[in-house]
Amino acid sequence: MTIFEELRVDHDKQRQLLDILLETEGDAPEREKHYQQLKVQLEQHAAAEERYFYNPLIKDDDTIEMSRHGIAEHHEIDELIETLEQTEMSSPAWLQHFKSLKHKILHHLEDEEQGFFQRAGKVLDEAEKASLGSEYRSMMKEKGL
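The rules behind these values
- Positions within a chain are numbered from 1, following the residues in the order the chain's sequence is written.
- Restriction of local features to residues with pLDDT of at least 70 applies here, the model being predicted, together with a cutoff of 80 or more for giving and counting side-chain atom pairs; totals for whole chains, interfaces and linings are based on all residues.
- Hydrogen atoms and water are omitted, and side-chain values are computed over all heavy atoms in the structure.
- Angles here are taken between N-to-C directions and fall from 0 to 180 degrees, while the axes themselves are lines fitted to C-alpha atoms, restricted in helices to the stretch in contact.
- A run of DSSP states H or I qualifies as a helix once it reaches four residues; a run of E qualifies as a strand once it reaches two. Both are numbered from the N-terminal end.
- We call two directions roughly parallel when the angle between them is under 35 degrees, roughly antiparallel when it is over 145, roughly perpendicular when it lies between 65 and 115, and oblique otherwise.
- If you view the pair so one helix is near and one far, a crossing is left-handed when the near helix is turned anticlockwise from the far one by less than a right angle, and right-handed when it is turned clockwise.
- We call two residues in contact when some of their heavy atoms are within 4.5 Å.
- Basically, the charged four are Asp, Glu, Lys and Arg, the nonpolar ten are Ala, Val, Leu, Ile, Met, Phe, Trp, Tyr, Cys and Pro, and anything else, Gly included, counts as polar.
- Patch membership is restricted to residues that have no salt bridge and whose relative accessible area is over 30%. Joining uses 9 Å for like charges and 5 Å for the nonpolar side chains Val, Leu, Ile, Met, Phe, Trp and Tyr.
- Only the protein chains shown count as cover for residues, and the accessible areas themselves come from Shrake-Rupley with a 1.4 Å probe.
- Whenever a carboxyl oxygen of Asp or Glu lies within 4 Å of a side-chain nitrogen of Lys or Arg, that contact is scored as a salt bridge.
- Lys and Arg are tallied as positive, Asp and Glu as negative. Neither His nor the chain termini are counted.
- Charged groups are reduced to one reference atom each: NZ for lysine, CZ for arginine, CG for aspartic acid, CD for glutamic acid.
- Here the term buried applies to any residue with accessible area under 20% of the maximum for its type, exposed to any over 50%, and partly exposed to those in between, with areas from a 1.4 Å probe on protein chains only.
- The method works on a 1 Å grid over the protein atoms by themselves. A cavity is a set of points holding a 1.4 Å probe that cannot get out, a pocket is an open set with protein on both sides within 12 Å along at least five of seven lines, and residues with an atom within 4 Å of a point line them.
- Grid points are joined across faces, edges and corners, and a volume is the space filled by probe spheres set on the points.

K.L.:
Hey, could you run me through the packing of helix H2 (residues 29-58) against helix H5 (residues 126-142) in this one?
P.N.:
The packing of two helices is summarised by the inter-axis angle and the distance between the axes. At a minimum axis distance of 10 Å, the contact between H2 and H5 shows a crossing angle of 155 degrees. Taken together, the axes of H2 and H5 lie roughly antiparallel to each other. Where H2 crosses over H5, the two elements pack in a sense that is right-handed. Residues Gln41, Gln44, His45, Ala47, Ala48, Glu49, Arg51, Tyr52 and Pro56 of H2 form the contact with H5, whose participating residues are Leu132, Glu135, Tyr136, Met139 and Met140. Looking at the contact of H2 with H5 residue by residue, the classes come out as eight nonpolar, three polar and three charged.

Quick look at the structure:
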């Protein structure tokens, strides 16, 4: 699979976890479980995506700005996760912070899938798309994802 297909697989996992979490309540064990899964998925995905998607693209004039933008959004997502970590899961504030996180993640995924992938597709050749996809998936498997 290409880097784009590999990233979409994990984007779909993230969307699914976001939806599942929105249906949980308070400090129920399933909320904690799915939140931890989402947190690990986001952290590992961002690290692998930066290495095998944004890093090669940041070197090209046509994709440097979008790469910087995507990496900046990863940092914003990290900050929202940090806020969630400091908020009691049973508190109404947790749900508000989670909704902000969900909005930011969905915006980020849409940016990538509706814009960045098309621009990157013009910069990367077919062999690069395939090898980056393979390296990305290997890194995710190493992390147990």
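Right, picking up where we left off after that structure.
K.L.:
Where do I start with a negative patch on the surface in this structure?
P.N.:
On the surface, Glu43, Asp78, Glu79 and Glu82 cluster together to form a negatively charged patch. A total of three residues in the negative patch trace back to one element, the largest contributor, which is helix H3 (residues 64-85). Residue Glu79 is classed as exposed on the basis of its relative accessible area of 54%.

K.L.:
How should empty space enclosed by the protein be read in this particular structure?
P.N.:
Left-over empty space is what a probe sized like a water molecule reveals as it rolls over the atoms. Counted by the stated rule, this structure contains one cavity of 30 Å³ or more. By volume, the largest cavity is sized at about 80 Å³. Lining the largest cavity are Gln14, Leu42, Glu43, His45, Ala46, His74, Ile77, Asp78, Ile81, Ile105 and His108. Those elements that provide at least two residues to the lining of the largest cavity are H2, H3 and helix H4 (92-123).

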